[in-house]
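Chain residues, written in single-letter form:
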Amino acid sequence: AIGTAYFRAEGVGHPLGREIADLPKQYGNLRRDFVKAPRGSPTIEDMNERTVVLQSQIWDRLSAIVRERPDDVTSSLMQSLNDTFDASTAERFAIETKIPPQLFQLMIGMIFISMAAFGYQLGLNGHELRVLLVLLVAVWTAVLVVIIDMSAPRIGTTRTSSTVYDWMLDGMKGGRPISSPSASR
């Protein structure tokens, strides 16, 4: 979404479009750093505040363009910027939201009930399947650990990758300015 906003801002054909195109580069760096920030980092709140400031600066410039030129091109730019801002809000929500305690309690309850039922069934049949029991405990533990790890992306081993931001920023480096139709005649 950030890359699309960048290219549409360059293509809008307005002096403020170039200013808007410069801001998504800063925005992309900021969002990448947000994803990479470790848990409890004091810079996280600062990055969120800087994100809001950048969004306001971008939107102010866009509003001026749209008031001057309410056409399909500016509408397209507005939509891509809206998508960019919505995506960063969704990303922040996904990273900052933890697993609800009720879900954790439900998973623990399911594990205990299934283990108790399994043990009861083995006891009724008189089978001693210790290997199977250990395997079941290991699998349930692994599943629970992965779920908890995924619910804490700043501290777990399953981290959100910032590679997509690097690709997007690399794509912005190699672009060439779009010339106006009158310049190419």
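For the structure itself, look to the data block above.
The text that follows walks through the structure, step by step, so that each part is easy to find. On a predicted model such as this, the values are computed, not experimentally measured, just so you know. (Residues numbered from 1 in each chain as written. Predicted model: local features only at pLDDT ≥ 70, side-chain atom pairs only at ≥ 80, totals over all residues. Heavy atoms only, no water.)

**Concerning a nonpolar patch on the surface**
On the surface, L129, L132, L135, V139, V143 and I147 cluster together into a nonpolar patch covering about 460 Å² of accessible area. With respect to the helices and strands, the residue L132 is situated in helix α6 (residues 130-150). (Patch = residues over 30% accessible without salt bridge, like charges linked within 9 Å, V, L, I, M, F, W, Y side chains within 5 Å. Areas by Shrake-Rupley, 256 points an atom, 1.4 Å probe, with all protein chains shown as cover. Salt bridge = Lys/Arg side-chain N within 4 Å of Asp/Glu carboxyl O. Helix = DSSP H or I, 4+ residues; strand = E, 2+ residues; numbered from the N terminus.)

**Focus: the nonpolar core**
One finds I20, F34, I58, L77 and L81 to be the most contacted residues of the largest nonpolar core, which totals 26 residues. Listing elements by their share of this core, those giving two or more residues are α1 (2-11), α2 (15-36), α3 (43-68), α4 (72-96) and α7 (163-173). For this core, the element with the highest residue contribution is α2, accounting for 7 residues. (Core = buried A, V, L, I, M, F, W, Y, C linked by side-chain atoms within 4.5 Å. Buried < 20%, exposed > 50% of the residue type's maximum accessible area, 1.4 Å probe, protein only.)

**Some remarks on α4**
Given a rise of 1.5 Å per residue, 25 residues ought to cover 36 Å, and the 36 Å separating the end C-alpha atoms of α4 matches this to within 8%. Within α4, burial applies to T74, L77, S80, L81, T84, F85, S88, E91 and I95. The backbone nitrogen of V73 has a side-chain oxygen 3.2 Å away, supplied by the residue at the start of α4, namely D71. (Expected span 1.5 Å × (residues − 1). Polar contact = N/O pair within 3.5 Å; in protein donor to acceptor, adjacent residues only side chain to side chain.)

**Topic: the packing of aromatic side chains**
The final tally for this structure, using the stated rule, is 2 aromatic pairs. Where W59 meets F85, the ring centres are 6.1 Å apart and the plane angle is 55°; that geometry is what we call tilted. Residue W59 is found in helix α3, and its partner F85 is found in helix α4; the two are separated by 26 residues along the sequence. For W59, a relative accessible area of 29% translates into the label partly exposed. Site record: aromatic cluster; members linked through ring pairs are Y27, W59 and F85. Across the ring face of F34, the terminal group of R31 is positioned such that the distance to the ring centre comes to 4.5 Å. (Phe/Tyr/Trp six-rings, centres within 6.5 Å; stacked < 30°, edge-to-face > 60°. Lys NZ or Arg CZ within 6 Å of the ring centre and 35° of its normal.)

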